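Listed below are the residues making up each chain.
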Amino acid sequence: MAGRTMAETITLKDGRSVEVRPSQKGDGARVHAYLTELGASTPFILTFPGDMRSVDAYEQHITGIADGKFYSLSAFDPGSGQIVGNTSFHFGSRVKLAHVAEMGTGVLPGWQGIGLGAWMLSRAIDDMRAIERIEKLELTVMDGNEVAMRMYERAGFEHEGRKKRSIKQPTGEYRDELLMGMWIGD
């Protein structure tokens, strides 16, 4: 497992605290609930409520963490025990892409704007730097998601390209995907 494995409690700008730790066996139902809520709350992520896999599929996916195929850092509301934010990286499985980790991140609406996303992103980037084979971080952000784009830029991600009209919203509206990357290798 890459990075730190212990849970940390952090205090956010509004005084609330969250417990942040790597996802682990038994979190599948909470991951499913989090992604369902996040997908219903914003048009700026790819997850749409109708696209959800089963709880068992998320539980099985979490087992890939121990095998070094995946990284997932979750923030838990100590009151409810529910996931309120997550940053994850999928590692390239092909030889020519094994040096790349592709990121996905999100924070539930009631937990946005108080530093959680930026803190989790910083922690996850630090954890990726600790994995010797990972030299590049990549992500996509939907055109129009200015808040996320600024957070990624502040973290050190650079714009690398644009995939025009690659997203079609259920409303029929098209969005471009903006490609961003960060070199963390030597």
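Calculation notes
Residues numbered from 1 in each chain as written. Predicted model: local features only at pLDDT ≥ 70, side-chain atom pairs only at ≥ 80, totals over all residues. Heavy atoms only, no water. Helix = DSSP H or I, 4+ residues; strand = E, 2+ residues; numbered from the N terminus. Expected span 1.5 Å × (residues − 1). Buried < 20%, exposed > 50% of the residue type's maximum accessible area, 1.4 Å probe, protein only. Arc of directions from axis to C-beta. Contact = heavy atoms within 4.5 Å. Pairing = 2+ DSSP bridges. Axes fitted to C-alpha atoms, helices over the stretch in contact; angles between N-to-C directions. Polar contact = N/O pair within 3.5 Å; in protein donor to acceptor, adjacent residues only side chain to side chain. Core = buried A, V, L, I, M, F, W, Y, C linked by side-chain atoms within 4.5 Å. Salt bridge = Lys/Arg side-chain N within 4 Å of Asp/Glu carboxyl O.

A.B. asks: I keep staring at helix H3 (residues 116-129) and nothing clicks. Help me out?
C.D. replies: The periodicity of an α-helix, 3.6 residues per turn, causes residues three or four positions apart to be oriented the same way. Taking 1.5 Å as the rise per residue, H3 with 14 residues should run 20 Å; its terminal C-alpha atoms sit 20 Å apart, in good agreement. For H3, every residue scored as buried is listed here: Leu116, Gly117, Met120, Leu121, Arg123, Ala124, Ile125, Asp127 and Met128.

A.B. asks: Before we go on, may I ask you to explain helix H2 (residues 55-66) in this structure?
C.D. replies: Those residues of H2 that sit buried are Tyr58, Ile62, Gly64 and Ile65. The buried residues of H2 occupy one face: seen down the axis, they fall within an arc of 140°. Opposite the buried face of H2, at more than 90 degrees from it, the exposed residues are Asp56, Gln60 and Ala66. Residues of H2 that are buried make contact with helix H1 (28-41) and strand S3 (70-76). Looking one or two places after H2, you find Gly68, whose phi comes out positive at around 75°.

A.B. asks: Would you take a moment to explain the sheet that holds S3 for this structure?
C.D. replies: Across a sheet, strands are paired by hydrogen bonds formed along the backbone, either parallel or antiparallel in direction. Within the open sheet, the eight strands sit side by side as S1-S2-S3-S4-S5-S6-S8-S7. Their pairing is mixed. Of all strands in the sheet, those with a lone pairing partner are strand S1 (8-11) and strand S7 (158-168), marking the two edges. For this sheet, the mean angle separating the axes of adjacent strands, direction not counted, is 25°. Note that S7 and strand S8 (residues 174-183) share seven bridges and pair antiparallel. Bridge pairing in S8 places Lys163 opposite Glu177.

A.B. asks: What's the story with the side chain of Glu177 in this structure? I'm lost.
C.D. replies: The topology assignment puts Glu177 in strand S8. In this structure the side chain of Glu177 is engaged in a polar contact, spanning 3.1 Å, whose partner is the side chain of Thr140. When sequence neighbours within four positions are dropped, the list of residues in contact with Glu177 reads Leu46, Thr140, Val141, Gly161, Arg162, Lys163, Ser166 and Ile167.

A.B. asks: Would you mind going over the nonpolar core with me for this structure?
C.D. replies: The nonpolar side chains of a soluble globular protein tend to be buried, and buried together. Ranked by internal contacts, the top residues of the largest apolar core, which has 48 residues, are Leu116, Leu137 and Tyr152. Ranked by residue count, the leading element in this core is H3, at six residues. Filtering out sequence-adjacent residues up to four positions away, Leu137 remains in contact with Phe89, Ala101, Ile125, Met128, Phe157, Met180, Gly181, Met182 and Ile184.

A.B. asks: Explain the pattern of salt bridges to me, please; I cannot follow it from the model alone.
C.D. replies: Any two side chains of opposite charge can pair, on the condition that their charged atoms come close. One pass over the full model with this rule turns up twelve salt bridges. Between Glu138 and Lys136 there is a salt bridge whose closest N-O contact spans 3.1 Å. You can call Lys136 buried: its relative accessible area is 16%. The salt bridge involving Arg175 is made with Glu173; its shortest N-O contact spans 3.4 Å. Beyond isolated ion pairs, a larger network of salt bridges with shared partners links Glu19, Arg21, Asp27 and Arg30.

A.B. asks: Even after reading the chapter, I still don't get the pairing of strand S4 (residues 83-91), so can you show me in this structure?
C.D. replies: Buried residues dominate S4, accounting for eight of its nine residues. Of the strand pairs in this sheet, S3 and S4 are connected by seven bridges, and their pairing is antiparallel. Each residue of the ladder has a partner; that of Phe70, found in S4, is His90. Connecting the antiparallel pair S3 and S4 is a turn made up of six residues, with Gly81 showing a positive phi of about 80°. Alignment of S4 against strand S5 (residues 100-107), held across seven bridges, turns out to be antiparallel. Residue pairing across strands places Phe89 opposite Met103, the latter belonging to S5.

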